[in-house]
Each structure stands twice: as C-alpha cells, then as structure tokens.
Amino acid sequence: MLKAGIVGLPNVGKSTLFNALTRSRKAEAANYPFCTIDPNVGVVIVPDERAYVLKAIAKTNVVVPAAIEFVDIAGLVAGASKGEGLGNQFLANIRETDAIVHVVRCFVDDDIIHTMGAVDPVRDIEVISTELVLADLESVEKRISKTQKLAKSGDKDAQAELALLERLVPHLNENKPANILPATDDEKKLLQFFQLLSAKPVIYACNVAEGDLATAEENPFVKKVADFVKVHHDAAYVPISARIESELIDLSPEEAKEFLKDLGVTDSGVSCSSRAPMRSSACRPTSPPEKRKCVAGPSRKDGRLRRPPA
Ligand SMILES: Nc1nc2c(ncn2[C@@H]2O[C@H](COP(=O)(O)OP(=O)(O)OP(=O)(O)O)[C@@H](O)[C@H]2O)c(=O)[nH]1
Ligand SMILES: [Mg+2]
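Each value, and the rule that gives it
- Residues numbered from 1 in each chain as written.
- Chains lettered and ligands numbered in written order.
- Predicted model: local features only at pLDDT ≥ 70, side-chain atom pairs only at ≥ 80, totals over all residues.
- Pairing = 2+ DSSP bridges.
- Helix = DSSP H or I, 4+ residues; strand = E, 2+ residues; numbered from the N terminus.
- Axes fitted to C-alpha atoms, helices over the stretch in contact; angles between N-to-C directions.
- Contact = placed C-beta atoms within 7 Å.
- Near = placed C-beta within 6 Å.
- Nonpolar A, V, L, I, M, F, W, Y, C, P; charged D, E, K, R; others polar.
- Buried ≥ 20, exposed ≤ 12 C-beta atoms within 10 Å, placed from the backbone.
- Parallel < 35°, antiparallel > 145°, perpendicular 65-115°, else oblique.
- Left-handed = near helix turned anticlockwise from the far one by under 90°.

**Student:** Help me get a handle on the sheet that holds strand β7 (residues 236–240), residues and values and all.
**Tutor:** The strands that make up a sheet pair up through hydrogen bonds in the backbone, lying either parallel or antiparallel. Within the open sheet, the 6 strands sit side by side as β2-β4-β1-β5-β6-β7. Their pairing is mixed. A single partner strand is all that each edge strand has here, and the edge strands are β2 (40–45) and β7. Averaged over all adjacent pairs, the angle separating strand axes in this sheet is 25°, with direction ignored. One ladder, built from 5 bridges, connects strand β6 (residues 202–208) with β7; its direction is parallel. Along β7, the bridge assignment pairs Asn 207 with Ile 240. The sheet strands contacting helix α7 (residues 220–232) are β5 (99–106), β6 and β7, and the helix crosses β6 at an angle near 165°.

**Student:** Before we move on, could you go through the site of ligand 1 and cite the residues and values that matter?
**Tutor:** Close contacts around ligand 1 come from 25 residues, with Gly 13, Ser 15, Thr 16, Thr 36 and Gly 75 the closest. Those elements that provide at least two residues to the shell around ligand 1 are α1 (14–22) and α8 (242–247). Examining the composition of the shell around ligand 1, we find that 3 residues originate from one element, α1, more than from any other. Looking at the shell around ligand 1 residue by residue, the classes come out as 12 nonpolar, 10 polar and 3 charged.

**Student:** An account of the environment of Asn 179 is requested, with residue identities and associated values reported.
**Tutor:** Tracing the chain through its elements places Asn 179 in the loop between α5 (156–173) and α6 (185–194). A tally of 20 C-beta atoms within 10 Å means that Asn 179 is categorised as buried.

**Student:** I'd love a proper account of the packing of helix α4 (residues 121–152) against α7, names of residues and values included.
**Tutor:** Where α4 meets α7, the closest approach of the two axes is 8 Å, and the angle between their N-to-C directions is 45°. Relative to α7, the element α4 is oriented oblique. Residue-level inspection shows Pro 121, Val 122 and Ile 125 of α4 in contact with α7, the latter providing Phe 221, Lys 224, Val 225 and Phe 228. For the contact of α4 with α7, the class distribution of residues is 6 nonpolar, no polar and 1 charged.

**Student:** Explain the packing of α4 against α5 to me, and be specific about the residues and the numbers.
**Tutor:** The geometry of α4 relative to α5 is characterised by a closest axis approach of 9 Å and an angle of 150° between their N-to-C directions. Between α4 and α5, the interaxial angle falls into the category roughly antiparallel. Our pair here, α4 against α5, has a crossing hand that is left-handed. The residues of α5 that touch α4, namely those facing Val 133, Asp 136, Leu 137, Val 140, Arg 143, Ile 144, Thr 147, Gln 148, Leu 150 and Ala 151, are Ala 158, Gln 159, Glu 161, Leu 162, Leu 165, Glu 166, Leu 168, Val 169, Leu 172 and Asn 173. Split by residue class, the contact of α4 with α5 holds 12 nonpolar, 4 polar and 4 charged.

**Student:** Account for the environment of Gly 211, with residues named and values stated.
**Tutor:** By the secondary structure assignment, Gly 211 is in the loop between β6 and α7. Measuring from C-alpha to C-alpha, the distance between Gly 211 and Phe 107 comes to 9.7 Å, with 104 residues separating the pair along the chain.

**Student:** Run through the pairing of strand β4 (residues 67–72), naming residues and quoting values.
**Tutor:** Where a strand is regular, its side chains alternate between the two sheet faces. With burial as the criterion, only one face of β4 is covered, namely that bearing Ile 68, Phe 70 and Asp 72; the residues Ala 67, Glu 69 and Val 71 on the opposite face remain uncovered. One ladder, built from 5 bridges, connects strand β1 (residues 2–7) with β4; its direction is parallel. Across the sheet, residue Gly 5 finds its bridge partner in β4, namely Val 71.

Printed below as a string of structure tokens:
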C-alpha cells in the first residue's frame, strides 16, 4: 500500500488535515507547536469515480478502490537535520514513506502561533526542503565512502552507484531536491534504493482560511506556492482548508457536498489530496466478466508507485 507522510513546520494544520483525511479524531490538533510527537497512522480509501466508469465498461461488479496509508509526522524546524526542535528521529518517519504531503500555512490568524512569525509559505517550503536536502547530503556522503572501495575493485554496480552519488553531491549542495536531478530510468530506480528524503514525490497542501477556499487559486499565498513549485520543484500543489475539511467528518457525503456547495466549492480538497498520489485506475480485461475486477492504484510510470496485485 502506498504510504504518504504529512510533513511541515509545527502548528500549520498537519494533524487537522490527517483527521480530515482519515475522517477521525485520532490525532490531537491543538494550538501549540510540537503537539504531535509520535506519528499518527491511518488508512484512507481513495475516492475515484473513474473506477466506476471502468466497472460499467468491463461489465463487472467488483471494484477494488485504492488505499493510502497516511502518517501524520511531528513538525520539523530549521536545523532538524542537526537535531534542532524534536530532532532528526522524525526524518526516519519520512524516510519510510513513498510520497510526501507537505502542508504549508496559507491562512492568516493571529490567534494561531506561527513558529516563524509572519505567513510566508515559500520561506516555509524552503526551510523544510533544506532540512531534507541536508539530511540527504549526509546519507549520500556516507554512502560514497562505503561504495568507493567496491567501485575501485571493479564492481560495475558499485561504479554506477558511485557515479550517481557523485552527481548528487553538487546538486544537493545547490539546495536542490534529489527528485529534480536529471536521471535515466535506471538511475531513478537507484535513487529510490538510496531512500533519499528529497527524492520522494511531493504534493504541497496549501492550507487556506475557511473564507478563501472557493477562490483559493486567487489567494496570494497559494499563487506564490504555485509559481515557486513550477520553477524550483517538480511538484503538484492543492489548496485545502484543513479546518473546514475536519468539520466535514461528522457529515454524510451528501451533507458534506451541500455544505461545500454553500461555500462555493465543488470538490473537497481532501479528495484531491488523497487522489493526487494515485494517477490511474486499471481494469483487467483478460478474464470473463464475472471474474473481472476494477482495481484502482498508483501510476506505473513512476517506478516506485505500482498498481496493487489482482
Ligand atoms: N484558522 C485556522 N486555524 C487552523 C487551520 N488549520 C489548523 N488550524 C489550527 O491550527 C492549530 C494547529 O493545528 P494542528 O493540526 O495541531 O497543527 P500541526 O501541524 O499538526 O502541529 P504540530 O503537531 O504541533 O506540528 C490548531 O489550533 C488548529 O485548529 C485553518 O485552516 N484555519
Ligand atoms: Mg500535529
């Protein structure tokens, strides 16, 4: 199952979003930094109407929706890779995930503590991204010293590994995440094998104020994130209101739709966030209709994200 880590600065709404995604109140969400220490884990079935279209085409009654495990991780601060804040043990929680949902604060509310002062989502992205890149630089340097001996002995795999690691050093030193390093398909597989934090696909969840959800694309903070990720990171972004989404937990799907319609919103940001890591639905046409299944799952294009077995 695909595992996505919810990361970001402290007090930006990660646990609020986790509760909304998992339709639970499992995670404590409160107005103080480092409220979350141990990670909260929950499994979410991905809403994907395309699977039901395929179900009709394939004449089957069986639809297997995709599922994602979300992990709500403690807040990171500048210097985390060197042990600041809650330290670097939380980087290990991120290492275990396949994709990152990076929550950035795009709402102004003087009552909610911002650990860095004013709202500035691009600065926040850079702070977290730098920590991931610094942690990766350390792992790459350790791996280089381990691989060098084997590469010198003539081991072809070790030589390929070393060549990629040596390209990664200047790239990371320029504060660029590993996921934008130009690489061949084989090198991309190697990158996954290295388990680098900044090599993981990222979705930026722009947490906007309740009143801004309907017009989120015009929100100046969201615009800044959109412009920044287009140029500097190979990543998607989705505007959400973690607070509104968490208020939908107790409503039926029909009531939630009505509620969102009143706010001028057609689709929940939570549906988008959980769908985003999943890019395809698949039908298996080889079997007779009664044995066919519509299986939704992650895209095969990205080496790491695979469809679940039939
Ligand atoms: N006004 C407003 N407040 C929000 C929003 N989302 C979250 N909050 C509030 O921000 C505070 C922090 O939310 P959490 O979900 O606990 O934040 P977190 O990122 O998990 O924080 P840590 O676990 O401490 O890193 C809570 O008081 C939330 O109610 C929002 O969209 N608007
Ligand atoms: Mg939290």
